[in-house]
Amino acid sequence: DEALCRLQAHEAACVKAAGQRSSRFSRSVRQARLCAAGLMSVLAACLGAVYIEALCAVCAFVISSAMLLYQTLKQYDENAHLAKDQRRQGDSEREARLDLKRSVQAAKNAKSAQRHCVDDSIRELARVRSYQADVETKGPSL
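A. Structural context of the overall build of the chain. Within the chain, the secondary structure is distributed over 2 helices and 0 strands. The C-alpha atoms of the chain give a radius of gyration of 36 Å, which is well past the 14 Å a tight globule of 142 residues would have. Projecting the C-alpha coordinates of the chain onto the three principal axes gives extents of approximately 125 × 15 × 15 Å. For the chain, buried positions account for 20% of its 142 residues. Long-range contacts, defined as pairs at least 24 residues apart, comprise 79% of the intrachain contacts of the chain with a sequence gap of at least 6. Working note: accessible area of the chain is about 10,900 Å², and carbon and sulfur atoms make up 61% of it. In the chain, the 22 positive side-chain charges and the 16 negative ones have mean positions that sit 4 Å from each other.

Written out as structure tokens, the structure reads:
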């Protein structure tokens with residue numbers, strides 16, 4: 001019973017952690033997409049400035065583009081690390097779940113063996129009582 005309770009508690013914690021990891025990863029992906037969209041809009045503005053030959057604006061947009069490119073690449077790198085960490089956490093949770101399932105199975109096997117011993121003891125006690133009743137009614141056999 002204790003092993004089963006631990007397994008159920010672990011599974012509930014795993015479900016909660018998986019939900020948190022999923023929301024954290026989706027937030028991170030949204031942020032990376034936002035950075036990429038910002039980069040694309042700055043690059044479009046830079047191309048517009050080149051088209052109208054505004055050199056100062058081109059320089060400003062190139063600097064902005066470089067900063068946004070750095071942020072976008074950094075965000076995608078963080079996403080890759082986050083995905084790797086989450087995969088590792090999921091693997092460790094699965095291993096812990098398997099260990100808990102094994103302990104539940106071992107507890108069930110022990111309970112079954114214990115029940116078998118109790119049943120054997122009850123049968124032996126019934127046999128001894130039957131023998132005692134025979135002895136009391138028929139007398140001892142010599």
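B. Local environment of the environment of glutamate 78. One can find glutamate 78 in helix α2 (residues 55-138). Its relative accessible area of 38% is what places glutamate 78 among the partly exposed residues. Placed 53 residues apart in sequence, glutamate 78 and phenylalanine 25 show a C-alpha to C-alpha distance of 9.9 Å.

C. How the structure looks around the pattern of salt bridges. Throughout the structure, instances matching the rule amount to 6 salt bridges. Residue arginine 102 pairs with aspartate 99 through a salt bridge whose shortest N-O separation is 2.6 Å. Separated by 3 residues within a single helix, arginine 102 and aspartate 99 lie in helix α2, roughly one turn from each other.

D. Up close: the environment of arginine 21. Inspection of the secondary structure assignment puts arginine 21 in helix α1 (residues 2-51). Judged by relative accessible area, arginine 21 falls into the buried class, the value being 9%. C-alpha of arginine 21 to C-alpha of valine 104: the two residues are 83 residues apart in sequence and 27 Å apart in space. Beyond its immediate chain neighbours, meaning those up to four positions away, arginine 21 contacts Gln86, Gln89, Gly90 and Glu93.

E. Region of interest: α1. Counted at 1.5 Å a residue, the expected span for α1 with its 50 residues is 74 Å, and the 73 Å between its end C-alpha atoms agrees. Glutamate 53 sits one or two residues past α1 and shows a positive phi near 60°.

About the thresholds
Residues numbered from 1 in each chain as written. Predicted model: local features only at pLDDT ≥ 70, side-chain atom pairs only at ≥ 80, totals over all residues. Heavy atoms only, no water. Helix = DSSP H or I, 4+ residues; strand = E, 2+ residues; numbered from the N terminus. Rg over C-alpha atoms; globule rule 2.2 N^0.38 Å. Buried < 20%, exposed > 50% of the residue type's maximum accessible area, 1.4 Å probe, protein only. Contact = heavy atoms within 4.5 Å. Areas by Shrake-Rupley, 256 points an atom, 1.4 Å probe, with all protein chains shown as cover. Lys, Arg positive; Asp, Glu negative; His and termini not counted. Charge placed at Lys NZ, Arg CZ, Asp CG, Glu CD. Salt bridge = Lys/Arg side-chain N within 4 Å of Asp/Glu carboxyl O. Expected span 1.5 Å × (residues − 1).

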